[in-house]
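# A closer look at the structure
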There are 2 protein chains.
Amino acid sequence: MTISAVGVGPVTGVRAGDLFDNRKALMAANLHRFTQQGISWTKTAGADAIVLSGGYVDDEDLGDEITYTGEGGRDSLTGKQVKDQEMVRGNEAMQRSFQLGQPIRVIRGASHGSEFAPQTGYQYGGMYRVDSIWHEPSIYGPRIIRFKLVRLDDDDAWSPYEKVLQRALDGQPMVAAQRREGFVSRVVRDTRVTIAVKTMYEGRCQICSGTVPTPAGPYSEGAHIRPLGRPHDGADHLPNILCLCPNDHVSVDRGAVFLDDDLAVRNMDGQTVTQLTRRDAHSIDMESVRYHRDHIFGSAD
Amino acid sequence: MTISAVGVGPVTGVRAGDLFDNRKALMAANLHRFTQQGISWTKTAGADAIVLSGGYVDDEDLGDEITYTGEGGRDSLTGKQVKDQEMVRGNEAMQRSFQLGQPIRVIRGASHGSEFAPQTGYQYGGMYRVDSIWHEPSIYGPRIIRFKLVRLDDDDAWSPYEKVLQRALDGQPMVAAQRREGFVSRVVRDTRVTIAVKTMYEGRCQICSGTVPTPAGPYSEGAHIRPLGRPHDGADHLPNILCLCPNDHVSVDRGAVFLDDDLAVRNMDGQTVTQLTRRDAHSIDMESVRYHRDHIFGSAD
C-alpha cells in the first residue's frame, strides 16, 4: 500500500470533465483518498473531495450548485436513515474546510443520476466551495447534515497546494498576485431590502449594539435570518432581515447564536447573551426565527 | 425643467450595450442626472451612475473592472490637478454607495478612448459595484481619490428600485427570492496563505485579540495589508497578511485604522487603540504597512 499523495485543491494535469473508470482510478489520480466513502478527508487538512453517487434521494445537483448530504447513521442494508448524523469524521472535515475557506473537488459517478453525471464510471467536475451547512430531518426521521457547494470559476489558482503552503509558512513570497488568485470564501450579498435595514438602524448592530466606524460612517451588513436562495428560500423582506456588524453576521449565519421566542439572543451553551435591539417599525418574522433555530443554529454541534 | 426620475439600479427597458447620442439623451433615459458632471448622485441615495469620458489619463478600463478618478481640484482650463480632491459631493456619494452596497450604472463616452468605448456618443455598459476606494498623488502632485468598480453579472435583479424599497419599508414581502437576487457587496477571498495565517493564530484576531466562536471553532479572516490585485498588487505572502475578526478586517480594508512603525494600531483620530498581536514567526512587511497608511487609511477623510 502506498502513502496517499492526495492534497487540497486542484490536481496537476487533471481538468474538469476528465473521466475515470472506477474509484481505484480516482485514488490513483490523487483525486480521492478512499474507495468506499463519499468524503475524502484528513483530520488536520479537512475535506478535499467528495463523490456524488446517488446515495441520497434528496441530493440536488444543479451543476454549479450542489446540495450534498453528510455521512453516517444509515442502515447499511436498507439505506434508511436510522440514526442522527453527527458532526464527526467526514462531516467534521467538511465543516473544517468551510471554516478555513478551502476548496473541495467534486466527482460525479454514473449512479449519481443527474444530468451532470457521466454515462459510465466517474467524472471530475471541478472545484467547489462549501457555501453553507445546515441540518434537517431525513425522510425517515433522524437528522441529516447538509452542505451547499458552489462551483469555483478558478480551478487552477491553487495548485500545487502543499508546496506553496510550506513556502508561505517559511515566509517566502508567493508568485505575484494573479487576478484570480485564491477564491471567494465569504460573500456578503446586498438586496434593496438589506440596504433599507442598514439605513433604518444607521449601521448599528442589533445584537451587540456596537458600530464598526469607517471613514464612510458606521459599517454594517444586512443579515437574512432564514437564508435567501435554495434550499432555504427565506424571504427578502424586512421581517427576515437584521442589521448586524460583520462579527455577529457570521455568528448568525454559522449558527453560533439563535433568537428565542422573546427575541433574546442565546449562544451555543443556551445562555442569553443579550436582547435583540428592535425598532417598532421592524417586526420580526417568528417563522424565520424558528427556521433558523431548527436548521441553522448549532449546525454542527 | 422636469423633476429627475433617475434612481439607483437598472433602468427598465435599457440594456447594457444600448447607445445614446449625447448627455441630454442619457438624462432623458433616466440613466444620469446631469449633463456635465461625471458622477450622478444625490445626498441621500448616494451615487447612481458615472460617465467615463477620458477625463483622467490614469483611468483604467478593463471592461469588467474599472479604475475611476473622483471629481474636483482640477484647473478648468488646463485640466491639471491643482488641489487635493476631497471626500465631498460626488466623491462622498460614491463612498456612500460603497458603504451601503449599491450598484452604479457605468456609461462610456466616445472620448473615453478605451476599447470598450463606442465610436460616437455614449453607451450604457451595465451595473458595477464599488469594490474599493483609495487615494494617491496625481501626476501633478495633489491628491486624487480613486474608485475600483467591478461589473455585476445580475443587471436585472434590482429593478424597479424605489417601488420595491417602499414596499420593503412597509413590511411587504418581496417577490420570492431569486437565485441572483441582489448582488455581492463584500467578498472575502481566501488564498493558500490566508489559510496558513488563520491556522497560525487559531482564529484569534491580531487587533482585538478576540475570537468569533462558531460550531466549527473560532472564525477569522485573512486580511491583506496592501490589497491583492490591481492596482495595489500587494503580495500574497505571510508578511502582508493579518489574521483578523470580520469587524477588524473591515476596519483595515476601509481605512478606519492603520499600523504605525511600532505596529501600534491607531484609529482615524490618530489615537492608539491597541498593539498588534504578533507571533515571532510572523514578520510584518513594513512597506505594506506604509502603503496601507499612505493609500488606504482615511481614504475618504
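Residues numbered from 1 in each chain as written. Chains lettered and ligands numbered in written order. Predicted model: local features only at pLDDT ≥ 70, side-chain atom pairs only at ≥ 80, totals over all residues.

### Considering the overall build of chain A
Summing up its helical and strand segments, chain A has six helices and 14 strands in all. The long-range share in chain A, meaning contacts at least 24 apart out of those at least 6 apart in sequence, stands at 58%. (Helix = DSSP H or I, 4+ residues; strand = E, 2+ residues; numbered from the N terminus. Contact = placed C-beta atoms within 7 Å.)

### Here we look at the sheet that holds strand S14 (residues 272–275) of chain A
Residue and element names in this part refer to chain A. Read from one edge to the other, the open sheet built from three strands follows the order S12-S13-S14, with strand pairing classed as antiparallel. The sheet is open, and its two edges are formed by strand S12 (257–259) and S14, each paired on a single side. Neighbour to neighbour, the strand axes of the sheet diverge by 25° on average, direction disregarded. (Pairing = 2+ DSSP bridges. Axes fitted to C-alpha atoms, helices over the stretch in contact; angles between N-to-C directions.)

### Quick word on the domain arrangement of chain A
Residue and element names in this part refer to chain A. Taken domain by domain, chain A comprises domain 1 (19–169) and domain 2 (192–296). For domain 1 and domain 2, the distance between their C-alpha centroids amounts to 30 Å. Taken together, the contact between domain 1 and domain 2 spans five residues of the former and four residues of the latter. In terms of residue count, the dominant contributor to the side of domain 1 that touches domain 2 is strand S7 (residues 122–137) (four residues). Tallied by class, residues from the side of domain 1 that touches domain 2 come to one nonpolar, three polar and one charged. (Domains from an automatic or database assignment. Nonpolar A, V, L, I, M, F, W, Y, C, P; charged D, E, K, R; others polar.)

### Things to note about the confidence of the model for chain A
Residue and element names in this part refer to chain A. The pLDDT averaged across chain A works out to 88; a share of 88% of its residues lies at or above 70. Within chain A, the element-level pLDDT minimum falls on helix H3 (residues 161–169), averaging 56, and the maximum on strand S11 (residues 241–244), averaging 98. Note on residues 175–180: pLDDT under 50 across the span, and 10 contacts to partners over four residues away in sequence or across chains. Reported confidence for the predicted complex is 0.86 by ipTM and 0.86 by pTM. (pLDDT = per-residue confidence, 0-100.)

### Quick word on the packing of helix H5 (residues 246–253) of chain A against helix H5 (residues 246–253) of chain B
Helix packing geometry: the angle between the two helix axes and the distance between the axes. It is at 6 Å that the axes of H5(A) and H5(B) come closest, and there the two elements cross at 140°. By the angle between their axes, H5(A) is oblique relative to H5(B). The segment H5(A) lies against H5(B), with A:Pro246, A:Asn247 and A:Val250 engaging B:Pro246, B:Asn247 and B:Val250. Here the contact of H5(A) with H5(B) is built from residues that sort into four nonpolar, two polar and no charged. (Parallel < 35°, antiparallel > 145°, perpendicular 65-115°, else oblique.)

### Here's the deal with the pairing of strand S6 (residues 103–109) of chain B
A regular strand carries its side chains on alternate faces of the sheet. Residues and elements named next belong to chain B. Taking burial as the measure, the seven residues of S6 include seven buried ones, the bulk of the element. Residues Pro103, Arg105, Ile107 and Gly109 line one face of S6 and the alternating positions Ile104, Val106 and Arg108 line the opposite face, and both faces are buried. Inspection of the sheet shows strand S3 (residues 46–52) paired to S6 by four bridges, in the parallel sense. Among the inter-strand pairings, Ile50 is bridged to a residue of S6, identified as Val106. Here S6 runs beside strand S7 (residues 122–137); their pairing, made up of six bridges, is antiparallel. Residue pairing across strands places Arg108 opposite Gln123, the latter belonging to S7. (Buried ≥ 20, exposed ≤ 12 C-beta atoms within 10 Å, placed from the backbone.)

### So, the pairing of S7(B)
All names here are of chain B. By the criterion of burial, S7 is predominantly enclosed, with 13 of the 16 residues buried. Relative to strand S8 (residues 143–151), S7 runs antiparallel, the two sharing nine bridges. Across the sheet, residue Tyr128 finds its bridge partner in S8, namely Arg151. Where S7 hands over to S8, the hairpin turn is made up of five residues, of which Gly141 adopts a positive phi near 115°.

### Some thoughts on the sheet that holds strand S13 (residues 264–267) of chain B
Residue and element names in this part refer to chain B. One open sheet holds the three strands; their spatial order is S12-S13-S14, and the pairing between them is antiparallel. Strands with a single pairing partner mark the edges of an open sheet, and in this sheet they are strand S12 (257–259) and strand S14 (272–275). Shown here is a sheet whose adjacent strand axes are inclined to one another by a mean of 25°, direction ignored. Note that S13 and S14 share three bridges and pair antiparallel. Considered in S14, the bridge of Ala264 is made with Gln275.

### Considering H5(B)
Burial analysis of H5(B) places eight of its eight residues in the buried class, which makes it a mostly covered element. Taken residue by residue, H5(B) has B:Pro246, B:Asn247, B:Asp248, B:His249, B:Val250, B:Ser251, B:Val252 and B:Asp253 as its buried positions. Elements in contact with the buried residues of H5(B): H5 of chain A together with strand S10 (221–224), strand S11 (241–244) and S12 of chain B. Phi turns positive, to about 75°, at B:Gly255, one or two residues after H5(B).

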